[in-house]
Amino acid sequence: MATESNLTPTAQATWRNYLELTKPRVVMLIVFTAIVGTLLASPGLPPLDALVWGNLGIALASACAAAINHVLDRRIDEQMARTRGRPLPTGQLSERQALTFAAVLGFASMAILAFLVNLLTAVLTFVSLIGYAVIYTVWLKRATSQNIVIGGAAGAAPPVLGWTAVTNSVDPNALLLFLIIFVWTPPHFWALAIARRDEYARAGIPMLPVTHGVEFTRLHVLLYTVLLVIVTLLPFLTGMSGLIYLAVALVLNAMFLYYALALKITARAELPMKVFKFSVRYLMWLFAALLVDHYLPTTQMLALASR
């Protein structure tokens, strides 16, 4: 007879399998940028319903898109060392279970956003979901080496969604946040693609290092990083943010440029993954700086420093 202790590991494994379908680390970064968008959209604290329900809806939609991505990429995941341990390739979950789970998440997301936030946020979130889960995963990822560049629009949407949850409009400052993530995406993913070039080649995915070579990709990581430096100065130049953000952005950009330049001129095997991992921290720190600058103006920082 099965005891409770014997049943517990199986229940935990199933729960963890469903959690893995949502790509929690990716969703956490997405929701963080959405929360920043929500907070920046208001001079003070945003309405509680927009902050809570808006970001919950965005999180559920992101998790839904991730689960659909698992289903559509099952064949590819089976061929890549990095992903073959996922729940679908290992048979821990079936495609039907994954799609049912995604449908529940998607329905809950749209209901929350449409009825508890506003219709514009619901529509834009749905468009982003389809853009990533279907257009990028089904078509772009397999069709062109520019898949990351074009498909990056879906991944850049969360701060705009967070902003519209508060304002019910698409504002220019929200589009600046979109632009930062849009330009950040290619060097971020191309660094990973360099590290996993052979795996992408075996899976038949035309990532830039596969179609144009590693050296070409290294150059484009550097060029996009230079473009990112310019784009990340726009919040300060347009008056959206102040000196606190500018100082942090300059330091982060100098570090990113160092990594991108090192990647270009050296062939150290560990560098691509170092660039990839740093790029994640870069985006988190940059958006955190926007938030600190928003709630703690430079005058307050100077006053605190003089005490």
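So, how was this worked out
- Residues numbered from 1 in each chain as written.
- Predicted model: local features only at pLDDT ≥ 70, side-chain atom pairs only at ≥ 80, totals over all residues.
- Heavy atoms only, no water.
- Helix = DSSP H or I, 4+ residues; strand = E, 2+ residues; numbered from the N terminus.
- Buried < 20%, exposed > 50% of the residue type's maximum accessible area, 1.4 Å probe, protein only.
- Areas by Shrake-Rupley, 256 points an atom, 1.4 Å probe, with all protein chains shown as cover.
- Salt bridge = Lys/Arg side-chain N within 4 Å of Asp/Glu carboxyl O.
- Expected span 1.5 Å × (residues − 1).
- Contact = heavy atoms within 4.5 Å.
- Phe/Tyr/Trp six-rings, centres within 6.5 Å; stacked < 30°, edge-to-face > 60°.
- Axes fitted to C-alpha atoms, helices over the stretch in contact; angles between N-to-C directions.
- Parallel < 35°, antiparallel > 145°, perpendicular 65-115°, else oblique.
- Left-handed = near helix turned anticlockwise from the far one by under 90°.
- Nonpolar A, V, L, I, M, F, W, Y, C, P; charged D, E, K, R; others polar.
- Core = buried A, V, L, I, M, F, W, Y, C linked by side-chain atoms within 4.5 Å.

Turning our eyes to something else, we now look at the overall build of the chain. Within the chain, the regular secondary structure consists of 16 helices and 0 strands. The principal-axis extent of the C-alpha atoms belonging to the chain is close to 70 × 50 × 40 Å. Taking all 307 residues of the chain together, the buried fraction comes to 48%. Only carbon and sulfur atoms are counted for the fraction: they give 69% of the accessible area of the chain, which is about 14,500 Å².

Now for the pattern of salt bridges. On inspection of all chains with the given rule, the structure shows 9 salt bridges. With a closest N to O distance of 3.6 Å, E78 and R74 form a salt bridge. One end of the pair is E78 and the other is R74, both in helix α4 (residues 74-79) and 4 residues apart, which spans about a single turn. Classification of R74 by relative accessible area gives partly exposed; the value is 22%. We note a salt bridge from E270 to R268, for which the minimum N-O separation is 3.0 Å. Overlapping salt bridges bring together D73, K141 and R142 as one network.

Turning to helix α12 (residues 214-232), a few remarks are in order. A turn of α-helix holds 3.6 residues, and therefore any two residues three or four places apart point the same way. An ideal rise of 1.5 Å per residue puts 27 Å on 19 residues; α12 measures up with 26 Å between its terminal C-alpha atoms. Where α12 is concerned, the buried positions are T217, R218, H220, V221, L222, Y224, T225, L228, V229, V231 and T232. Along its buried surface, α12 packs onto α7 (147-155), α9 (172-195), α11 (208-212), α13 (234-237), α14 (243-265) and α15 (271-295).

Let's shift gears to the packing of aromatic side chains. Within this structure, the stated rule accounts for 10 aromatic pairs. Geometrically, the ring pair formed by F256 and Y282 is edge-to-face, given 4.9 Å between the ring centres and 70° between the ring planes. Highlighted residues: F256 in helix α14 and Y282 in helix α15, separated in sequence by 26 residues. Like Y282, F256 is buried.

A few words on the environment of L29. Structurally, L29 can be placed in helix α2 (residues 24-40). Separated by 137 residues in the primary sequence, L29 and V166 place their C-alpha atoms 20 Å from one another. With residues up to four places along the chain from it excluded, the contact list for L29 reads W184, V280, L283 and M284.

A few words now on the packing of helix α3 (residues 48-72) against helix α6 (residues 119-143). Look at α3 against α6: their axes get within 9 Å of each other, and the N-to-C directions meet at 20°. The orientation of α3 with respect to α6, classified from their angle, is roughly parallel. Considering only the axes of α3 and α6, their crossing is right-handed. Here I58, A61, C64, A65, A66, I68, N69 and L72 of α3 lie close against α6, whose contacting residues are T125, L129, Y132, A133, T137, V138 and R142. Residues that form the contact of α3 with α6 fall into these classes: 11 nonpolar, 3 polar and 1 charged.

Attention now goes to the side chain of T225. Structurally, T225 is set in helix α12. Taking the relative accessible area as the measure of exposure, T225 reaches 1% and is therefore buried. Dropping the residues within four chain positions of it, T225 is found in contact with P187, F256, L257 and A260.

Let's shift gears to the nonpolar core. Taken as a class, soluble globular proteins show a tendency for nonpolar side chains to be buried jointly. L40, W184, Y282 and F287 are the most contacted members of the largest nonpolar core, which totals 56 residues. Tallying contributions element by element places α9 first for this core, with 12 residues. Non-local contacts of Y282, meaning those with residues more than four positions away in its chain, are made with W184, L228, T232, L252, N253 and F256. In terms of nonpolar packing, the next biggest core, distinct from the first, is built from 20 residues, C64, L88, M110 and L129 among them.

Nothing here speaks to function; it is all geometry.
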